[in-house]
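# Topology and contacts: notes
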Amino acid sequence: MQQHTYTNILQQFSPISLGEIERIGLRRMETKFMVPVHLVPHLLQSLVGSYHILETAGTRMQAYTTHYFDSPDMRLYLDHHNGYARRIKVRQRRYEQTGDCYFEIKQKRHDSSNDKFRLKVGSLTHVITPAQRAAVQYPHIEGEQLQLTLINTFNRVSLCNTDTAERVTVDTDLMVGNNLSKLSLTNIAVVEIKQAKYNGTSAAMQYAKANQLREQSFSKYAIGAALLYPTLKRNNFKNIIQKIAHATQ
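The structure presented is a predicted model; accordingly, all values stated were derived computationally and were not measured.

### Describing the pattern of salt bridges
- Applying the stated criterion across every chain yields a total of 9 salt bridges.
- The salt bridge involving Glu30 is made with Lys106; its shortest N-O contact spans 3.5 Å. Residue Glu30 is found in strand E2 (residues 28-36), and its partner Lys106 is found in strand E6 (residues 100-108); the two are separated by 76 residues along the sequence.
- Look at Glu30 and you get buried, because its relative accessible area is 14%.
- Given a relative accessible area of 9%, Lys106 falls into the buried group.
- Of the charged contacts in the structure, one is a salt bridge between Glu104 and Arg118, with a shortest N-O distance of 3.6 Å. In this pair, Glu104 is assigned in strand E6 and Arg118 in strand E7 (residues 113-121), connecting sequence segments 14 residues apart.
- You can call Glu104 buried: its relative accessible area is 0%.
- Taken together, the shared-partner salt bridges connect Arg91, Glu104 and Arg118 into one network.

In structure tokens, the structure reads:
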């Protein structure tokens, strides 16, 4: 899905800057949905008037490139697959519109909220530095070297409801790859609703309810790895993988 297919809808939102969004800090409760990409224009249209849209460098759709790192035995992936309540992802991310790059550690907590550690870096790399490795405090990979296991790219529309401390992201044009292969997941969109605490009455949550969208855990890293590394354990992701296959038919 290219931006021009719903550019007119994006222009109907009132803009908000990155600085304004960052001032609305929240410890995030995340609710995700995986939807066919053809629903995106309808979803966005339904949210006009209830949310502001992030505008960066003159554009309302931001492009991202992410490098994910894991241990040689893919321990971070396996902890996600096995449903560990407290787990992490280690990545470098570049925000293409601004060129800013960050080393990030995203941690899932026992109460299903998420914390994120960020450190600004000069560029994306294929290895992490000793200082970055030292920031990864996670017992399952203690002492292990982390290596680049997956690269993904996607486009994101970011919406912010300043009245209720809620953010909505809509990710499209997802591509995942490693040093052996590359896959396009452009027929699906990942919608994520991030709230300070669960609020089922927001416009985004009401859209999901009205259109019978079922909450679906979706990790770009975990699902990408399951698709790219066929020998990995992936029983718990079969339902998502089947939905992706159905959406691409």
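From this point, things continue past the structure.
### Observations concerning the packing of helix H3 (residues 40-47) against helix H6 (residues 203-210)
- It is at 9 Å that the axes of H3 and H6 come closest, and there the two elements cross at 135 degrees. The angle between H3 and H6 falls in the class oblique. Relative to H6, the crossing made by H3 is right-handed. In contact with His42, Leu43, Ser46 and Leu47 of H3, H6 contributes Ala203, Ala204 and Tyr207.
- Taken together, the residues that form the contact of H3 with H6 break down as 5 nonpolar, 2 polar and no charged.

### Some thoughts on the nonpolar core
- One finds Tyr77, Phe218, Tyr221, Ala225, Phe237 and Ile244 to be the most contacted residues of the largest nonpolar core, which totals 27 residues.
- Contributing elements (two or more residues each) for this core: strand E4 (62-70), helix H4 (75-81), strand E8 (147-161), strand E9 (166-177), strand E11 (188-195), helix H7 (220-228) and helix H8 (238-247).
- Top contributing element to this core by residue count: H7, with 6 residues.
- Contact partners of Ile244, with chain neighbours within four places excluded, come to Met34, Leu185, Ile188, Phe218, Ile223 and Leu227.
- With 25 residues, the next largest nonpolar core counts Leu10, Val168, Val170 and Met205 among its residues.

### Observations concerning the pairing of strand E5 (residues 87-95)
- Counting buried positions along E5 yields 8 of 9 residues, so the element is predominantly enclosed.
- Sheet topology note: the E4/E5 ladder contains 6 bridges and is antiparallel. Residue pairing across strands places Thr66 opposite Arg93, the latter belonging to E5.
- The pairing of E5 with E6 spans 9 bridges and is classified as antiparallel. Directly across from Gln92, in E6, lies its bridge partner Phe103.
- In this antiparallel pair of consecutive strands, E5 and E6, the connection spans 4 residues, and Gly99 shows a positive phi of 80 degrees.

### Side note on the packing of H7 against H8
- The geometry of H7 relative to H8 is characterised by a closest axis approach of 11 Å and an angle of 75 degrees between their N-to-C directions. Here H8 runs roughly perpendicular to H7, going by the angle between their axes. Contact residues: H7 offers Ile223, Ala226 and Leu227, while H8 offers Ile240, Ile241 and Ile244.
- Of the residues contributing to the contact of H7 with H8, the split by class is 6 nonpolar, no polar and no charged.

### Some words on the packing of aromatic side chains
- All chains considered together, the criterion is met by 5 aromatic pairs.
- Between Tyr68 and Tyr221, the ring centres sit 5.0 Å apart and the planes meet at 25 degrees, which makes this aromatic pair stacked. Of this pair, Tyr68 sits in strand E4 while Tyr221 sits in helix H7, and the two are 153 residues apart along the sequence.
- With relative accessibility at 3%, the residue Tyr221 sits in the buried group.
- Measuring from ring centre to ring centre gives 5.8 Å for Tyr95 and Tyr102, while their planes differ by 90 degrees; the resulting arrangement is edge-to-face.
- Look at Tyr95 and you get buried, because its relative accessible area is 18%.
- Chaining the aromatic ring pairs together yields one cluster made of Tyr64, Tyr95, Tyr102 and Phe154.
- Lying across the ring of Tyr102, Arg118 places its NZ or CZ 3.8 Å from the centre.
- In this arrangement the basic side chain of Lys220 is found over the ring face of Phe154, its NZ or CZ atom lying 4.6 Å from the centre.

Rules used in this analysis
- Residues numbered from 1 in each chain as written.
- Predicted model: local features only at pLDDT ≥ 70, side-chain atom pairs only at ≥ 80, totals over all residues.
- Heavy atoms only, no water.
- Salt bridge = Lys/Arg side-chain N within 4 Å of Asp/Glu carboxyl O.
- Helix = DSSP H or I, 4+ residues; strand = E, 2+ residues; numbered from the N terminus.
- Buried < 20%, exposed > 50% of the residue type's maximum accessible area, 1.4 Å probe, protein only.
- Axes fitted to C-alpha atoms, helices over the stretch in contact; angles between N-to-C directions.
- Parallel < 35°, antiparallel > 145°, perpendicular 65-115°, else oblique.
- Left-handed = near helix turned anticlockwise from the far one by under 90°.
- Contact = heavy atoms within 4.5 Å.
- Nonpolar A, V, L, I, M, F, W, Y, C, P; charged D, E, K, R; others polar.
- Core = buried A, V, L, I, M, F, W, Y, C linked by side-chain atoms within 4.5 Å.
- Pairing = 2+ DSSP bridges.
- Phe/Tyr/Trp six-rings, centres within 6.5 Å; stacked < 30°, edge-to-face > 60°.
- Lys NZ or Arg CZ within 6 Å of the ring centre and 35° of its normal.

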